[in-house]
Amino acid sequence: MASGPPTISPDAVTRRFAELRAAGRRAFVPYITAGHPDEARTVELISGLEAAGADAIELGLPFSDPMADGPVIQASSQLALERGMTFDRLLDLVSRARATIPLILFSYVNPVLAAGDDALARAADAGISGLLLTDLPVGADPALEAHLAAGPLAFIRLVAPTTPAERMREIGQHGSGFVYLISRLGVTGMRDDMSAELPATVQRLRESTTLPVCVGFGVSRPEQAAAVARIADGVVVGSAIVRAAGESVAEALRLAASLRDAIDKA
């Protein structure tokens, strides 16, 4: 009989970034949508991405009103919802995958609240170690934010490229694990080029927080991942991985391996 999921400590995200920093390496953080293309292949993707060199994986809980998601991730979420993906089924996927790297629950406020008062505890028990909610900016709901920050998961906060330095400091003080810097305004999706302002924005954020800085939104090709790795602590790739997964698990893992190689050579 299989044993339960691996024990992931609450500080798994922090420890992973500390290990990477000590080794002079940058994090590769792919995003996938739970239930896309289906549940079995989600489990394959989690295991395969870990084997391909992912340092953490953002696992999206589908939501019917995904304001921050571009067309690729929206389509994957809609498919997953049609196939019955829920919070509890996501936890089952995580338990089955038995990952030994940090898994970060990526969603919106409503699905997490709807999962009940014990949602974070159950997520931690299943093997999740981080939480990122795209529609809960610092100060929007202090009581809820305090509850989430006191929970068993690293509470990862988003920073927009237009965020002033003072606001960056405030966000850094109310988060843990790492800070997710959005590379450009708009929704998720693949882009042909990176913002010319990105290096200056990363530097401004570094001066505002001691947390590691990961950059996402628009990173889709190895050369873009390498460019981000030269200025940030980690690279998040979402839409490109999700699109590839829609073709096949093998294609998604091939892309992941090429991104990992580019990040390591940056």
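These numbers were taken from a predicted model, which means no experiment stands behind them.

Colleague: Explain the nonpolar core to me, please; I cannot follow it from the model alone.
Modeller: Soluble, globular proteins show a tendency: their nonpolar side chains are buried together. With 69 residues, the main nonpolar core has Leu-90 and Leu-131 as its most contacted residues. Ignoring sequence-local partners within four residues, the contact set of Leu-131 consists of Ile-104, Leu-105, Val-112, Leu-120, Leu-148, Leu-153, Ala-154, Phe-155 and Ile-156. By size, the runner-up hydrophobic cluster in this structure holds 20 residues, among which are Val-29, Leu-132, Ala-154 and Phe-217.

Colleague: I keep staring at the pattern of salt bridges and nothing clicks. Help me out?
Modeller: Tallied over the entire structure, the rule returns 19 salt bridges. For Arg-16, the salt bridge is made with Glu-19, and the minimal N-O distance between the two is 3.7 Å. Here Glu-19 and Arg-16 lie together in helix α1 (residues 12-23), a separation of three residues that amounts to about one turn. Since its relative accessible area comes to 43%, Glu-19 is described here as partly exposed. Among the charged side chains, a salt-bridge network with shared partners connects Arg-16, Glu-19, Arg-25, Asp-55, Arg-260 and Asp-264.

Colleague: Teacher, can you tell me more about the pairing of strand β8 (residues 234-237) here?
Modeller: In summary, the side chains of a regular strand alternate between the two faces of the sheet. Along β8, one buried face is formed by Gly-234 and Val-236 and the opposite face, lined by Val-235 and Val-237, is buried too. Looking at chain direction, strand β1 (residues 27-33) and β8 are connected through four bridges and run parallel. Bridged to Ala-27 within β8 is Gly-234. Pairing geometry for strand β7 (residues 213-216) and β8, over two bridges, is parallel. Each bridged residue has a counterpart across the sheet, and for Val-215 the counterpart in β8 is Val-235. Tracing the backbone out of β7, into helix α10 (residues 222-229) and back to the parallel element β8 gives a crossover that is right-handed.

Colleague: Would you mind showing me how to read the layout of surface pockets here?
Modeller: Any empty space left between the atoms is revealed when a probe the size of a water molecule rolls over them. In this structure, the largest pocket encloses a volume near 240 Å³. Around the largest pocket, the lining is made up of 15 residues, and of these Thr-134, Leu-136, Pro-137, Leu-158 and Val-159 lie nearest the centre. With three residues, strand β5 (residues 154-159) is the single largest residue contributor to the lining of the largest pocket. Here the residues of the lining of the largest pocket are counted per class, giving 11 nonpolar, two polar and two charged.

How each quantity is defined
- Residues numbered from 1 in each chain as written.
- Predicted model: local features only at pLDDT ≥ 70, side-chain atom pairs only at ≥ 80, totals over all residues.
- Heavy atoms only, no water.
- Core = buried A, V, L, I, M, F, W, Y, C linked by side-chain atoms within 4.5 Å.
- Buried < 20%, exposed > 50% of the residue type's maximum accessible area, 1.4 Å probe, protein only.
- Contact = heavy atoms within 4.5 Å.
- Salt bridge = Lys/Arg side-chain N within 4 Å of Asp/Glu carboxyl O.
- Helix = DSSP H or I, 4+ residues; strand = E, 2+ residues; numbered from the N terminus.
- Pairing = 2+ DSSP bridges.
- Right-handed = clockwise from strand over helix to strand, strands pointing away.
- 1 Å grid on protein atoms, 1.4 Å probe; cavity = no way out; pocket = protein on both sides within 12 Å on 5 of 7 lines; lining within 4 Å.
- Points joined across faces, edges and corners; volume = space filled by probe spheres on them.
- Nonpolar A, V, L, I, M, F, W, Y, C, P; charged D, E, K, R; others polar.

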